[in-house]
Number of protein chains: 2
Amino acid sequence: MPSATPIDDPLITTFGRLAEAYSRLEQWLGSAMESEAGLPHVWFEVLIRLARSEGEQLTMSSLADQIALTTSGVTRLVDRMQVAGYVERRPCPTDRRVSYAGITAAGHDVLDRAAVVHARNLRKAFGSFTPQDLTALDTALDRVREAASRLPRQP
Amino acid sequence: MPSATPIDDPLITTFGRLAEAYSRLEQWLGSAMESEAGLPHVWFEVLIRLARSEGEQLTMSSLADQIALTTSGVTRLVDRMQVAGYVERRPCPTDRRVSYAGITAAGHDVLDRAAVVHARNLRKAFGSFTPQDLTALDTALDRVREAASRLPRQP
DNA sequence: AGTCAGATATTGCGCCATCAAGCATCGATA
DNA sequence: TATCGATGCTTGATGGCGCAATATCTGACT
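This section reports on the structure supplied with the text. Note that the coordinates shown come from a computational prediction; the quantities given were computed from them, not determined experimentally. (Residues numbered from 1 in each chain as written. Chains lettered and ligands numbered in written order. Predicted model: local features only at pLDDT ≥ 70, side-chain atom pairs only at ≥ 80, totals over all residues. Heavy atoms only, no water.)

**Section: the protein's contact with DNA strand D**
Heads up, the rule is: Near residues are defined by distance, with any heavy atom within 4 Å of the molecule or strand qualifying the residue. Counted as a polar contact is a pair of N or O atoms within 3.5 Å, where, for protein atoms, one must be capable of donating a hydrogen and the other of accepting one, and residues adjacent in sequence contribute only when both atoms are in side chains. Every helix listed is a DSSP run of H or I at least four residues long, and every strand listed is a run of E at least two residues long, numbered separately from the N terminus. Asp, Glu, Lys and Arg are counted as charged, while Ala, Val, Leu, Ile, Met, Phe, Trp, Tyr, Cys and Pro are counted as nonpolar; the rest, among them Gly, fall into the polar class.
By nearness alone, 20 residues border DNA strand D, and Ser61 and Arg76 of chain A together with Ser72, Arg76 and Arg80 of chain B come closest of all. The sugar-phosphate portion of DNA strand D accounts for 66% of its atoms within 4 Å of the protein, the bases making up the rest. Between a base oxygen of DNA strand D and a side-chain N or O atom of Arg76 of chain A, the distance comes to 2.4 Å. Between DNA strand D and Arg89 of chain A, the relevant distance is 2.8 Å, taken from a phosphate oxygen to a side-chain nitrogen or oxygen of the residue. If you list the elements that add at least two residues to the surface near DNA strand D, you get α3 (60-66) and α4 (71-84) of chain A together with α4 (71-84) of chain B. Per-class residue counts for the surface near DNA strand D are 3 nonpolar, 9 polar and 8 charged.

Structure, rendered in C-alpha cells:
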C-alpha cells in the first residue's frame, strides 16, 4: 500500500522545485556578478530598483519591501553602499521621518557594467530556452508573484 | 530616444520576477511554518529530503548540495537539529570520512505535522491556480532547475 | 609498504540579517 | 494647542552562514 503521508503532496514538490531552481540560479549568478563585476547581487538589486524608480530614488521602507528585507537590514545595507559611493540619502521635504535612498552617478556606472555581465550570464543559463519557453516561464512566474503578493502580512 | 542601457534586458526582468516570487512565498510559508508547526523552514527541507532518501539518510555533502548550503553550514545545522532530537549522525561503515545524517522517529513526527500545515498553506497560496496552471508551472520550473544544475561550479 | 593528492567533515572568524527597543515625526482628535 | 497612537528609520544584541584553515581518511601510484 502507498504511504498516506502528506510529505508526498505534489504542491510541496512544486515548491521544492521552485526553491531549488531559484537557489541554484541565485548562487551561480550571484558569485559570477561578485567576481566579474565586483558587485554583490543584493547591491545590484538595490541599484536597479532605484534606477527604475521615479526620481531614481525610493524610501527605505519601500526599498525594504521590494528586496524582501526588513527596514533594519536596509538601513545598514544602504550604509555600506553609501560608503562605497553608489547611493546617497536624501531627506524628504514634506515628511522629516522618511529618507530617500537615491542612486549616484557612480552607482549608475557600476550598475550598467554589472547589468551587462548579468545579462550575459543569464543568456548562458537560459541558453536552452526557446522564446516560447521564456514567455511561458514569464507568465507562470508572474502568476506566482501575483499570488504571493496577495498573501496576508505575517502578523 | 529609448535608453540603450542593458538594465532593461528582458532576461533580467524575468530573473527579477523569479526572485520576487520565490522570496515572497518563502517568507510567508516560512514564517507560517515556524509559527504553526514550530519548525524553521530549513529544518523542514532537511527532514523531507532525509525522509525521501535511501535508508532515510544522506551524507553531509549531498545534503549540503541539495539544500544549497556549504558543508560548513550543514555541520552546524545538523548539530542543532540533533540537539532537538530530529536527526542523528551515523558513521559510514565503508568510509570513515563520511558521516550520515539520518532522520529519527521524532523527526518523522514533526515532519508529518509540518507537512500538513505546509500543504494547507500552499493550497492557500496557489488557490487561484487551475490544474493546468500548476502543470505549466511545474514543467517551466523543472526546465529552470535542470538548466541551473547544468551550470558549471563556482571556481 | 610508502607517499601524496584529493575528498569529507569540522572549527575559527567575520559579515550580515533579523528581532526588539528606541527616537523622532506625523496626523487626528479633543 | 495639547495629546496620543501610528509611522519611518535607526541602533543594540543575537544567531546563522560562508570562507579559509585544519584534521582525518581514502585511493592511486611508485
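**Considering the relation of the copies chain B and chain A**
Here is the rule: Only residues with pLDDT of at least 70 in both copies contribute their C-alpha atoms to the least-squares superposition of the copies. The contact rule is simple, with two residues in contact once any of their heavy atoms fall within 4.5 Å.
Between the two copies, chain B and chain A, the superposition gives an RMSD of 0.1 Å; the rotation angle is 180 degrees and the shift along the axis is 0.0 Å. Viewed as a symmetry operation, the transformation between the two copies matches a two-fold axis. Both copies present the same face, since 100% of the interface residues in chain B are matched by interface residues at the equivalent positions in chain A.

**Overview of the pattern of salt bridges**
Side chains that differ in sign of charge can pair as their charged atoms come close. Inclusion rule: Each reported salt bridge corresponds to a side-chain nitrogen of Lys or Arg within 4 Å of a carboxyl oxygen of Asp or Glu. To sort residues, take the accessible area from a 1.4 Å probe on protein chains only and compare it with the maximum for the residue type: under 20% means buried, over 50% means exposed, and anything in between is partly exposed.
On inspection of all chains with the given rule, the structure shows 28 salt bridges over all chains. Between Glu20 of chain B and Arg145 of chain A there is a salt bridge, and its shortest N-O distance comes to 3.6 Å. Note that Glu20 of chain B is positioned in helix α1 (residues 10-37) and Arg145 of chain A in helix α6 (residues 131-150), a pairing that runs across two chains. Asp79 of chain B is the salt-bridge partner of Arg89 of chain B, the closest N and O atoms lying 3.0 Å from each other. On the criterion of sequence distance, the pair formed by Arg89 of chain B in strand β2 (residues 87-91) and Asp79 of chain B in helix α4 is long-range, its members being 10 residues apart. Looking at Arg89 of chain B, the relative accessible area reads 28%, which means it is partly exposed. A relative accessible area of 33% means that Asp79 of chain B is categorised as partly exposed. The network of salt bridges with shared partners includes Arg17, Glu20 and Arg24 of chain A together with Glu45, Arg49, Asp65, Asp138, Asp142 and Arg145 of chain B.

**Looking at the side chain of Thr104 of chain A**
All names here are of chain A. For Thr104, the position within the fold is in the loop between β3 (99-103) and α5 (105-125). Looking at Thr104, the relative accessible area reads 16%, which means it is buried. Of the polar contacts made by the side chain of Thr104, one reaches the backbone oxygen of Gly85; its length is 2.6 Å. At 3.1 Å, the side chain of Thr104 forms a polar contact with the backbone oxygen of Tyr86. In contact with Thr104, not counting residues within four places along its chain, are Gly85, Tyr86, Val87 and Glu88.

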